Each structure stands twice: as structure tokens, then as C-alpha cells.
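# Architecture at a glance
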Amino acid sequence: MSYIVSSHPSTLNLTQTIYKQLRDDIFSIRLIPGEKLSEMKLASQYGCSRVPVREALHQLRLEGCIDSKPQVGSFISYIDYENLEQVRYVRECLETQVMLNALRANAYEDSIDELQSLLDQQWNAYKKNELILAHQLDDLFHLLFLKLPHKEFVRDYMGANNVHYQRARFLALKYDPNPEMLVWQHQAILDAVAAKNETALTKAIHIHLNNLYRVIDSASEEIKNYICHHKKPACV
């Protein structure tokens with residue numbers, strides 16, 4: 001794989017270009033957990049020296065995207081199971097409370113059709129196997145429930161930039177043997193909102209945000225090996 005960059009980018013801009021591309025590849029599992037990275041190879045791919053590559057890898061290391069072993073090299077980090085569960089738990093608590101408060105304030109009444117349109121688009125993306133688009137529509141669906149009551153800032157605390165949680169979500173999306181279930185879960189959330197049924201809404205959110213475990217637990221050993229449990233020996 002090679003990348004095209006401008007003829008004379010500054011080191012800072014080139015570092016950010018490399019950082020963003022690698023980050024996208026890590027989040028979408030194009031670079032798989034445990035895969036070794038070569039500064040020399042990356043520098044060749046980007047047509048640059050090793051300096052911006054090294055700086056980009058340093059940024060990714062600070063975010064938990066990369067692990068390093070002295071005298072061995074840099075590797076894509078494994079998915080930290082305990083970390084993703086912490087993020088999932090906090091997300092469920094926050095998202096449920098925001099949506100219940102918004103429901104009581106009638107913040108969703110005029111947007112049911114807009115939310116349904118997002119679900120229809122997501123279903124079409126699944127049928128076309130456009131997983132990146134389906135993932136983006138999933139995010140938009142949840143984000144709209146935050147934006148309507150003006151609580152979109154809560155998203156910063158719900159794992160939007162957490163490499164462990166987001167990769168687990170993408171794996172669940174990619175390897176779900178019944179991907180339509182995700183849309184049905186979204187539909188259950190929307191139906192509960194439309195009906196103003198707080199009990200049904202709380203249950204639907206809980207089922208949906210635990211969906212990634214249903215897929216991961218039934219996945220192949222190869223996929224399970226992407227995940228690190230602290231009780232196991234070092235993953236790298």
C-alpha cells in the first residue's frame with residue numbers, strides 16, 4: 001500500500017497525514033492487532049524520512065494504538081477487554097440518562113422521521129456490504145439523540161476516540177453473522193422513543209450496547225486473539 005502526499009509538506013503536516021491514515025487503518029482493523037510496524041517501510045510508503053513517521057507513531061503510542069517493545073519494535077495494540085467494558089458501561093449510563101431526560105422533555109417528537117431515515121440508510125448500507133458507511137450511520141443515529149436535547153458534548157465521554165472500544169464495535173459490525181440484528185436493535189430504540197416508553201427504551205439501549213459481546217463471544221479464534229484480557233500473559 002502506498003500513499004500520496006504533497007510535494008513539499010512541512011514535517012508537522014506530514015506527521016499529521018501519516019498519523020491520521022494510520023489511525024484510520026487501526027480503528028477500522030485494516031491494521032490488525034499484533035501487527036508489527038516498520039518505520040523504514042512506512043517512510044518508503046510515504047516518500048519521506050523516518051522523522052515524521054517516528055513522530056506519528058509516538059502520537060499513536062500515547063493514545064494506546066501502538067505498543068512498543070525495546071529492541072523488538074512497534075506493534076498495533078491488542079484490544080483491551082477491560083478498557084472497552086469500562087467505556088461501554090459509562091456509555092450506557094450516560095446515553096440512557098440523556099435519552100430519558102430528553103424523552104420527558106419531548107425533545108424527540110419532531111425528529112422521528114429523520115431518525116427513521118437514518119435507519120433506512122443504514123439497512124441499505126448493510127445490504128450493499130458498505131461497512132464503513134454503516135458504521136458512520138450508526139454513529140450519526142446515536143449522535144442525533146444527543147444533539148436534539150443539546151447534549152452532544154456527552155459524546156466525548158462515550159468512547160468516540162477510544163481505540164479499544166471503537167475497534168471492538170467495528171469487529172462486531174464486520175463479523176456479525178446476523179447484521180440485520182443491529183438495525184432491529186436501533187429500531188427498538190426508536191420505537192420506544194416514539195411510544196415514550198421509558199422501560200422499553202432502557203431495555204433496548206442495554207441490549208444494543210451489549211451487542212458487541214454477542215458477536216465477539218461467537219467469533220473465530222483468530223478474532224478472539226485480537227483481544228487481550230489482563231488475566232492472560234502479555235499479548236505482545
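Residues numbered from 1 in each chain as written. Predicted model: local features only at pLDDT ≥ 70, side-chain atom pairs only at ≥ 80, totals over all residues. Heavy atoms only, no water.

So, about the pairing of strand E2 (residues 66-69). Summarising the sheet, E2 and strand E3 (residues 73-76) pair through 4 bridges and their orientation is antiparallel. Of the residues in E3, the one forming a bridge with aspartate 67 is phenylalanine 75. The antiparallel hairpin formed by E2 and E3 contains 3 residues in its connecting segment, where glutamine 71 sits at a positive phi of about 65°. (Pairing = 2+ DSSP bridges. Helix = DSSP H or I, 4+ residues; strand = E, 2+ residues; numbered from the N terminus.)

With that settled, consider empty space enclosed by the protein. Under the definition given, this model contains 1 cavity of 30 Å³ or more. Empty space within the largest cavity amounts to approximately 200 Å³. Lining the largest cavity are 16 residues, and of these Asp138, Arg169, Leu182, His208 and Asn211 sit closest to its centre. Broken down by class, the residue content of the lining of the largest cavity amounts to 8 nonpolar, 4 polar and 4 charged. (1 Å grid on protein atoms, 1.4 Å probe; cavity = no way out; pocket = protein on both sides within 12 Å on 5 of 7 lines; lining within 4 Å. Points joined across faces, edges and corners; volume = space filled by probe spheres on them. Nonpolar A, V, L, I, M, F, W, Y, C, P; charged D, E, K, R; others polar.)

On to the confidence of the model for the chain. Here the chain averages 89 in pLDDT, while 92% of its residues score no lower than 70. Per-element averaging of pLDDT across the chain places helix H11 (residues 221-224) at the bottom with 83 and helix H9 (residues 198-209) at the top with 97. Between residues 1-8, whose pLDDT stays under 50, and residues either more than four places distant or in other chains, the model counts 10 contacts. Predicted confidence for residues 231-236 stays below pLDDT 50, and this span has 7 contacts to residues more than four positions away or in other chains. (pLDDT = per-residue confidence, 0-100. Contact = heavy atoms within 4.5 Å.)

Take the state of the cysteines next. Considering all chains together, one arrives at 0 disulfides under this definition. A disulfide-free cysteine, cysteine 48 has its sulfur positioned 19 Å from the sulfur of cysteine 65, the nearest such atom. (Disulfide = S-S within 2.5 Å.)

At their nearest, the axes of helix H4 (residues 81-104) and helix H6 (residues 131-147) sit 9 Å apart, and the two run at 50° to each other. For the element pair H4 / H6, the angle class is oblique. When the axes of H4 and H6 are compared, the crossing they make is left-handed. Here H4 contributes Arg91, Glu95, Val98 and Met99 to the contact with H6, which in turn contributes His142, Phe145 and Leu146. Its residues assigned to classes, the contact of H4 with H6 comprises 4 nonpolar, 1 polar and 2 charged. (Axes fitted to C-alpha atoms, helices over the stretch in contact; angles between N-to-C directions. Parallel < 35°, antiparallel > 145°, perpendicular 65-115°, else oblique. Left-handed = near helix turned anticlockwise from the far one by under 90°.)

What follows deals with the side chain of threonine 96. Of note, threonine 96 is situated in helix H4. For threonine 96, a relative accessible area of 11% puts it in the buried group. (Buried < 20%, exposed > 50% of the residue type's maximum accessible area, 1.4 Å probe, protein only.)

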